[in-house]
Amino acid sequence: MRRLKEPSAIPGFGLALGYSLLYLGLIVLIPLAALVLKAAGLGFGGIWAVASEPRVLAALRVSFAISLAAALVDSAFGLLVAWVLTRYRFPGRKLFDAAVDLPFALPTAVAGIALATLYAPAGWIGAPLASFGINVAFTPLGIFVALVFVGLPFAVRMVQPLIAEIDREVEEASATLGASRVQIMRRVVLPALVPAILTGFALAFARCVSEYGSVIFIAGNLPYVSEIAPLLIVIKLEEYNYAGATGIAAIMLAASFLTLFTINLVQAWSRRRLGHA
């Protein structure tokens, strides 16, 4: 007599897939579909009219240019922070490690107020910088500081697990064969970390582009100078200009999607390259 299959406490594939698709649809797909449909009602000409407004172009340029710069800085310093946290033991390491996740837990408004207070012309950090003629708060540089703050955890946490998995014996063998520290880092360590670095960059960039709360308190929000696209969307909504808000949102969605798609292609190329190496 054939033994009956014992029931599992874990849901089966069909049930798990159904709940996953339902949750994904309600939280992500349906809102994005509504945005796309609303933007489609404007037509290409309507979206182009919104995008060609000088104020909109300036806000998009500020958002994407500064987000790109902040993500690049996060990728570089995130790799350094992850390396220090993984490879070295020092007093206060656990506290330092926990502080990396602070931007995740800290409300964005609180972060913006704290940064604006620190980097204001009379602040602890802003005052010494102001004596050298460097103004951070209420300038585009303030936006950069805020975006670096919110994007750093993504760059660190994506790279940190892979650094922990790198076999130190490979590094020691390379050193035994005469490789310098720079050669070991460039030819042994970094190739294995490239996909994670790119993923961290993409996540940091996506977070920076969409950031709102921590930026508006330190940016100054001057049109054509330090006004970000998310703030302009809110302004359009307050003016009941739903077409303008939808057009800006659709442009940001398309640009973010193309950026993430490009990064995914680069990641796939990196994995194939490592597989053939």
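Since the structure is predicted, the reported quantities are computational estimates derived from the model, not experimental observations. (Residues numbered from 1 in each chain as written. Predicted model: local features only at pLDDT ≥ 70, side-chain atom pairs only at ≥ 80, totals over all residues. Heavy atoms only, no water.)

Right, let's get into the environment of L260. Within the secondary structure layout, L260 lies in helix α12 (residues 242-276). Spatially, the C-alpha atom of L260 lies 27 Å from that of I235, the residues being 25 residues apart in sequence. Discounting chain neighbours no more than four positions away, the residues touching L260 are A202 and A206. (Helix = DSSP H or I, 4+ residues; strand = E, 2+ residues; numbered from the N terminus. Contact = heavy atoms within 4.5 Å.)

The next thing to look at is the pattern of salt bridges. Summed over the entire model, instances satisfying the criterion amount to five salt bridges. For R157, the salt bridge identified is with D101, shortest N-O distance 2.9 Å. Taken together, the positions of R157 in helix α7 (residues 140-165) and D101 in the loop between α3 (93-100) and α4 (102-105) put the pair 56 residues apart, joining distant regions of the chain. Judged by its relative accessible area of 28%, D101 is partly exposed. Here R207 ties to E211 by a salt bridge, and the two come within 2.9 Å at their closest N and O atoms. A single burial state applies to R207 and to E211, both of which are buried. Put simply, D97, D101 and R157 are held in one network by salt bridges that share partners. (Salt bridge = Lys/Arg side-chain N within 4 Å of Asp/Glu carboxyl O. Buried < 20%, exposed > 50% of the residue type's maximum accessible area, 1.4 Å probe, protein only.)

Attention shifts here to the nonpolar core. The biggest cluster of nonpolar side chains holds 23 residues, and the ones touching the most others in it are V56, L60, F64, I233, I248 and M252. Setting aside its immediate chain neighbours within four residues, I248 contacts V50, V56, L60, A229, L232, I233 and K236. Among the nonpolar cores identified, the runner-up in size contains 21 residues, and I66, V136, I143 and L231 belong to it. (Core = buried A, V, L, I, M, F, W, Y, C linked by side-chain atoms within 4.5 Å.)

Another point: the environment of K236. Along the chain, K236 falls in helix α11 (residues 229-238). Considered as a pair, K236 and I248 are twelve residues apart in the sequence and their alpha carbons are 9.4 Å apart. Apart from residues lying up to four places away in sequence, K236 is in contact with E53, N241, G244, A245 and I248.

Our focus in this paragraph is the packing of aromatic side chains. All chains considered together, the criterion is met by seven aromatic pairs. Ring centres of F44 and W48 lie 6.4 Å apart, and the angle between their planes is 20°; on these two criteria the pair is classed as stacked. One end of the pair is F44 and the other is W48, both in helix α1 (residues 13-51) and four residues apart, which spans about a single turn. W48 matches F44 in its accessibility class, with the two residues each being exposed. These aromatic residues form a ring-pair network of at least three members: F64, F201 and F205. (Phe/Tyr/Trp six-rings, centres within 6.5 Å; stacked < 30°, edge-to-face > 60°.)

For the rest of this paragraph, the subject is the packing of α7 against helix α9 (residues 181-210). With their axes 8 Å apart at the nearest point, α7 and α9 run at an angle of 160° to one another. Between α7 and α9, the crossing angle belongs to the class labelled roughly antiparallel. Crossing hand, α7 versus α9: right-handed. Residues L147, V150, G151, F154, A155, M158, V159, L162 and I163 of α7 touch α9, and the partners they reach there are A192, L193, A196, I197, T199, G200, L203, A204, R207 and C208. (Axes fitted to C-alpha atoms, helices over the stretch in contact; angles between N-to-C directions. Parallel < 35°, antiparallel > 145°, perpendicular 65-115°, else oblique. Left-handed = near helix turned anticlockwise from the far one by under 90°.)

Let us now look at the confidence of the model for the chain. Looking at the chain, pLDDT values average 85 and 93% of them are 70 or higher. Per-element mean pLDDT across the chain ranges from 74 in helix α8 (residues 168-176) up to 93 in helix α2 (residues 54-87). (pLDDT = per-residue confidence, 0-100.)

Of note, N221 is a non-glycine position whose phi angle comes to about 55°, a positive value. Relative to the assigned elements, N221 resides in the loop between α10 (213-219) and α11. The phi torsion at Y224 lies on the positive side, around 70°, for a residue other than glycine. Following the sequence through the fold, Y224 ends up in the loop between α10 and α11.

Its place among the elements puts D74 in helix α2. R207 is the oppositely charged side chain nearest to the buried, salt-bridge-free D74, at an N-O distance of 9.6 Å. If we skip the residues at most four places from it in the chain, D74 touches L79, L147, V148, G151, L152, A155 and A204. (Lys, Arg positive; Asp, Glu negative; His and termini not counted.)

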